[in-house]
Amino acid sequence: MLGVVGFFIYGKENIRLFDSVNPRYAQQLLEIEMFTFCSLDIVDEKATKASEMFLGQLYNDQKWRSFGFVTNTGVRMILVLDATSAASLKDQEIRLIFKRFHGHYCNTISNPFYEIGTPMQSKWLDEGIRDLYSTSD
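Definitions and limits used
Residues numbered from 1 in each chain as written. Predicted model: local features only at pLDDT ≥ 70, side-chain atom pairs only at ≥ 80, totals over all residues. Heavy atoms only, no water. Phe/Tyr/Trp six-rings, centres within 6.5 Å; stacked < 30°, edge-to-face > 60°. Helix = DSSP H or I, 4+ residues; strand = E, 2+ residues; numbered from the N terminus. Buried < 20%, exposed > 50% of the residue type's maximum accessible area, 1.4 Å probe, protein only. Pairing = 2+ DSSP bridges. Axes fitted to C-alpha atoms, helices over the stretch in contact; angles between N-to-C directions. Contact = heavy atoms within 4.5 Å.

Trainee: Help me understand the packing of aromatic side chains in this model?
Mentor: Two aromatic rings are characterised by how far apart their centres lie and by the angle between their planes. Scanning all chains against the criterion turns up seven aromatic pairs. Geometrically, the ring pair formed by Phe7 and Phe98 is tilted, given 6.2 Å between the ring centres and 45° between the ring planes. Here Phe7, found in strand 1 (residues 4–10), pairs with Phe98, found in helix 3 (residues 91–109); they are 91 residues apart in sequence, far enough to count as distant. A single burial state applies to Phe7 and to Phe98, both of which are buried. Note on Phe7 and Phe101: the rings are 4.7 Å apart at their centroids and 35° apart in plane angle, and the pair reads as tilted. One end of the pair, Phe7, is in strand 1; the other, Phe101, is in helix 3, and 94 residues separate them in sequence. The class for Phe101 is buried, based on a relative accessible area of 0%.

Here you go:
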């Protein structure tokens, strides 16, 4: 059980390009967004010192844990997990999640009709998220 709460993609200027929250946690949307913004601040701090795209754990509290990933172009991805189930996950498993979603992101921006820097609406991202939510339940 992964306990995936949500997945977020932000552009360079903190423009939200994609966000998805697991329907199980929809009642806590505001809290999750505030948690994500706290995590986003930490991404900015860690990204300058990082030697790889995976940034590891960014932030945690009693409810959630966040992990970060930065692309070569400065796009930031944040994965939010339930703190109780995330404790059993290894870094390698989280890296694989990010690798898979980076592939979905690349497919989305490779669409000739997608305008870089605008919010994403993609069947690849949507299907990938649904798959992740279904395996996390």
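Trainee: How should I be thinking about the pairing of strand 4 (residues 64–70) in this particular structure?
Mentor: Working note: regular strand, side chains alternate between the two faces of the sheet. Burial runs high along strand 4: seven of the seven residues are buried. Neither face of strand 4 is open: one carries Trp64, Ser66, Gly68 and Val70, the other Arg65, Phe67 and Phe69, and all of them are buried. When strand 3 (residues 54–60) meets strand 4, the two strands line up antiparallel, connected through five bridges. Bridging from a neighbouring strand, Phe54 pairs with Phe69 of strand 4. Count of turn residues in the strand 3/strand 4 antiparallel hairpin: three residues.

Trainee: What am I meant to see in the sheet that holds strand 5 (residues 76–82) here?
Mentor: Consider a sheet: its strands pair through backbone hydrogen bonds, and that pairing is either parallel or antiparallel. Strand order in the open sheet formed by five strands is 2-1-5-4-3, and the pairing between neighbours is antiparallel. Two strands lie at the open edges of the sheet, namely strand 2 (16–21) and strand 3, each paired on one side alone. The average undirected angle you get between the axes of adjacent strands in this sheet is 15°. As defined by bridge partners, strand 1 adjoins strand 5 across six bridges and the pair is classed as antiparallel. By the bridge assignment for strand 5, Phe8 is matched with Ile78. Running at roughly 135° to strand 3, helix 1 (residues 29–47) makes contact with strand 1, strand 2, strand 3, strand 4 and strand 5 of the sheet. Of the strands in this sheet, strand 1, strand 3, strand 4 and strand 5 touch helix 3, which is tilted by about 135° from strand 5.

Worth remembering: the numbers are spatial, not functional.
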